[in-house]
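Working through the structure, step by step
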Amino acid sequence: MENHPVFIDNDPQSELSTLNLGPTHPATHGVFQNVLQMDGERIVSGVSTIGYIHRAFEKIAEHRPFYQITPLTDRLNYCSSPINNMGWHMTVEKLLNIQLPKRVDYLRIVVMELARIADHIVCNGVLGVDTGAFTGFLYMMEFREAIYEIYEEICGSRLTTNVGRIGGFERNFNDIFFRKVNKFLVDFPVALKEFENLFNRNRIFIDRTKGVAPVDPDVALGYSWTGPILRATGVDYDVRAMNPYSSYQDLDFEVPVGTRGDVYDRFLVRNEEMKQSMRMIDQCLKLIAKEDSTIFHADVPAYYLPPKEEVYNNMEALIYHFKIVMGEVDTPVGEVYHSVEGANGELGFYLVNDGGRSPYRLHFRRPSFINYQMYAPMSRGMLLSDAIINMSSLNIIAGELDA
Amino acid sequence: MSAITNETILNAINAKFGDTIIVEGEPYGLLTIETGREQVIDLLGFLKGHAVLKFGFLTDITAIHYPEREKPVGVIYHLHSLQNNVRIRVKVFMADGDVHIPSATVLWDGANWMERETYDFFGVDFTGHPDLRRILNVDDMTVFPMRREYPLEDPNRVDKKDYFFGR
């Protein structure tokens with residue numbers, strides 16, 4: 001294949017060699033390949049090949065009713081599926097002009113921030129593993145398990161959650177959910193402190209990460225970076241603060257930023273974000289306590305599936321159920337762009353609707369895809385071992401990369 | 001909330017580009033304009049470099065295909081002014097068999113993969129792009145799968161046809 005990225009070096013005096021990093025190298029934490037041209041331990045140039053788990057979600061979405069697209073979004077960034085789910089629900093709600101009750105908004109924030117913590121736990125834990133410190137990873141993974149158990153309480157599944165529906169949640173949250181969240185808020189800060197004690201002033205860790213892959217804010221913006229890695233360069237762009245969705249404007253939180261955009265700064269920014277997330281969850285729980293505890297969805301019978309008991313006993317509910325499932329509900333013609341702050345950056349949904357049962361066109365602005373394109377250019381001149389932890393700190397999730 | 005209204009943006013654009021711009025509207029508050037490929041890079045550069053508007057952030061490039069239209073393939077740019085917190089959508093439509101547009105990589109490095117993805121799925125030829133190869137699909141693929149004429153599944157399958165549902 002003419003386009004296949006292989007370096008052909010005809011110079012017999014040359015000492016350069018070609019290294020295939022991936023597609024299934026354990027250090028890359030995902031299925032993507034980098035063909036690197038190496039001068040000893042140093043990378044001269046590289047070409048990224050992606051698309052190994054491309055599943056044509058945008059094409060599939062053109063053939064599915066809105067509510068069936070949620071499971072597709074699960075599989076974008078599968079480390080924080082609830083954020084993708086909520087982002088998609090909000091996009092459709094924006095199209096349909098649905099106003100949600102405050103309690104639903106706050107419940108969504110709780111779930112989304114838990115997802116963000118789960119995602120950052122994996123990223124920072126694995127960054128530790130890649131620098132040779134396995135212990136911190138194990139301390140933290142316990143709490144990802146705790147978050148997955150919280151997911152189980154609200155939707156039954158752990159990784160690909162498919163949580164929530166257009167207009168709210170599929171069921172009300174039970175007491176065990178709130179107990180588990182409260183327990184998490186008590187236990188996790190202790191573990192996070194311990195984790196920070198292990199890393200933040202650890203000589204070996206600092207030597208491996210400080211000054212590695214520093215990024216200038218202008219360059220980061222030119223490459224359309226978003227998320228923690230952009231904030232590590234010092235740009236305080238956070239969708240939650242700038243274009244608050246789902247009542248983030250009611251909460252008091254800070255946007256942590258770094259100064260140099262290197263791996264160490266990204267690590268610190270993610271740790272700080274976890275603390276801010278806990279702060280938000282804490283505030284939301286207090287706000288939820290003030291709301292009517294029976295509300296868990298908006299009153300939009302034309303779009304929100306009625307409970308099964310009602311479908312069997314109530315004529316109207318049966319009609320709505322049928323119309324929603326068969327895609328008979330009228331939707332407004334129009335186009336909408338909605339973005340949420342995913343764990344990796346701005347996760348955007350560009351939806352063009354022609355009034356049919358499925359979107360005319362749906363495009364996902366996937367932060368991993370856009371963040372990753374700078375990886376090969378920025379690896380030039382880097383040591384291979386630094387390039388590995390650089391990739392780790394970019395937190396590229398293959399599902400989100402390829403869609 | 002944003003300090004700059006869509007009207008201000010439009011006035012600034014109209015003063016420079018005048019009748020080469022068609023205003024599509026403001027769906028859900030997002031100003032949407034249409035232009036031709038001859039001035040799209042000038043327009044994007046103008047928006048990026050404007051002292052007040054400062055649309056310096058390229059959020060996304062994608063495309064859309066309306067096979068029944070005279071100009072079926074449209075490239076869609078989403079720009080974001082981080083300083084003013086306002087977004088704009090720019091569309092360029094092109095006739096079939098003539099689907100080429102200057103590359104925005106001269107303005108943003110980040111446009112590179114976005115344009116590669118758009119080429120991969122819609123066959124839009126971005127002239128001046130440094131490395132216009134397929135990105136998510138295999139290299140030896142011959143079609144552009146997001147165009148409407150390529151069905152998702154077996155076109156002979158009838159159990160999902162609209163007429164079964166009274167449409």
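What you are looking at is a predicted structure, and each value in this text was computed from that prediction instead of being measured. (Residues numbered from 1 in each chain as written. Chains lettered and ligands numbered in written order. Predicted model: local features only at pLDDT ≥ 70, side-chain atom pairs only at ≥ 80, totals over all residues.)

1. A word on the overall build of chain B
Helix and strand counts for chain B come out as 3 helices and 7 strands. When its helices and strands are written in sequence order, chain B yields α-β-β-α-β-β-β-β-α-β. Within chain B, the fraction of its 167 residues that count as buried is 37%. (Helix = DSSP H or I, 4+ residues; strand = E, 2+ residues; numbered from the N terminus. Buried ≥ 20, exposed ≤ 12 C-beta atoms within 10 Å, placed from the backbone.)

2. Quick word on the overall build of chain A
From N to C terminus, chain A includes 17 helices and 6 strands. Taken against the 2.2 N^0.38 rule, which gives 22 Å for 403 residues, the C-alpha radius of gyration of chain A at 22 Å falls within 12% of a compact globule. Structurally, chain A occupies a C-alpha span of about 80 × 50 × 35 Å along its principal axes. Counting over 403 residues, chain A shows a buried share of 50%. (Rg over C-alpha atoms; globule rule 2.2 N^0.38 Å.)

3. Points about the sheet that holds strand β2 (residues 31-35) of chain B
Residues and elements named next belong to chain B. Pairing is mixed in the open sheet, where 5 strands are placed in the order β1-β2-β5-β4-β3. Sheet topology places β1 (22-25) and β3 (57-65) at the edges, where each strand pairs with a single neighbour. Ignoring strand direction, the axes of neighbouring strands in this sheet form an average angle of 25°. In terms of strand pairing, β2 meets strand β5 (residues 86-94) through 5 bridges, oriented parallel. Residue pairing in the sheet places Thr35 in a bridge with Val92 of β5. Helix α1 (residues 6-17) contacts β1, β2 and β5 of the sheet and is inclined by roughly 20° relative to β2. Where helix α3 (residues 111-122) meets the sheet, it contacts β3 and β4 (73-81), and its direction lies at approximately 5° from that of β3. (Pairing = 2+ DSSP bridges. Axes fitted to C-alpha atoms, helices over the stretch in contact; angles between N-to-C directions. Contact = placed C-beta atoms within 7 Å.)

4. Observations regarding the interface of chain A and chain B
Contact residues are listed per partner, giving 34 residues for chain A and 28 residues for chain B. Those elements that provide at least two residues to the side of chain A that touches chain B are α1 (57-61), α8 (217-222), β4 (334-341), β5 (346-353), β6 (361-365) and α14 (367-372) of chain A. Examining the composition of the side of chain A that touches chain B, we find that 4 residues originate from one element, β4(A), more than from any other. The residue makeup of the side of chain A that touches chain B, split by class, is 15 nonpolar, 12 polar and 7 charged. (Nonpolar A, V, L, I, M, F, W, Y, C, P; charged D, E, K, R; others polar.)

5. Description of the sheet that holds β4(A)
Residue and element names in this part refer to chain A. Here 3 strands make up an open sheet; going across it, the order is β4-β5-β6 and the pairing antiparallel. Both edges of this open sheet fall to β4 and β6, since each of them pairs with a single strand only. When the angles between neighbouring strand axes are averaged without regard to direction, this sheet yields 10°. Direction of pairing for β5 relative to β6: antiparallel, over a ladder of 5 bridges.

6. Topic: the nonpolar core
With 149 residues, the main nonpolar core has Val110(A), Leu114(A) and Val124(B) as its most contacted residues. Of all the elements, helix α4 (residues 102-130) of chain A adds the most residues to this core, at 16 residues. With residues up to four places along the chain from it excluded, the contact list for Val124(B) reads Ala63(B), Val73(B), Val75(B), Val99(B), Ile101(B), Thr118(B) and Tyr119(B). (Core = buried A, V, L, I, M, F, W, Y, C linked by C-beta atoms within 7 Å.)

7. So, the UniProt feature "domain: NADH-quinone oxidoreductase subunit D" (unreviewed entry) in chain A
In the numbering used here, UniProt assigns the feature "domain: NADH-quinone oxidoreductase subunit D" (unreviewed entry) to residues 130-402 of chain A. Annotated as residues 130-402 of chain A, this span is 52% helix and 8% strand, and its ends, taken at the C-alpha atoms, are 24 Å apart. (UniProt positions renumbered as here; feature names shortened; annotations may be inferred.)

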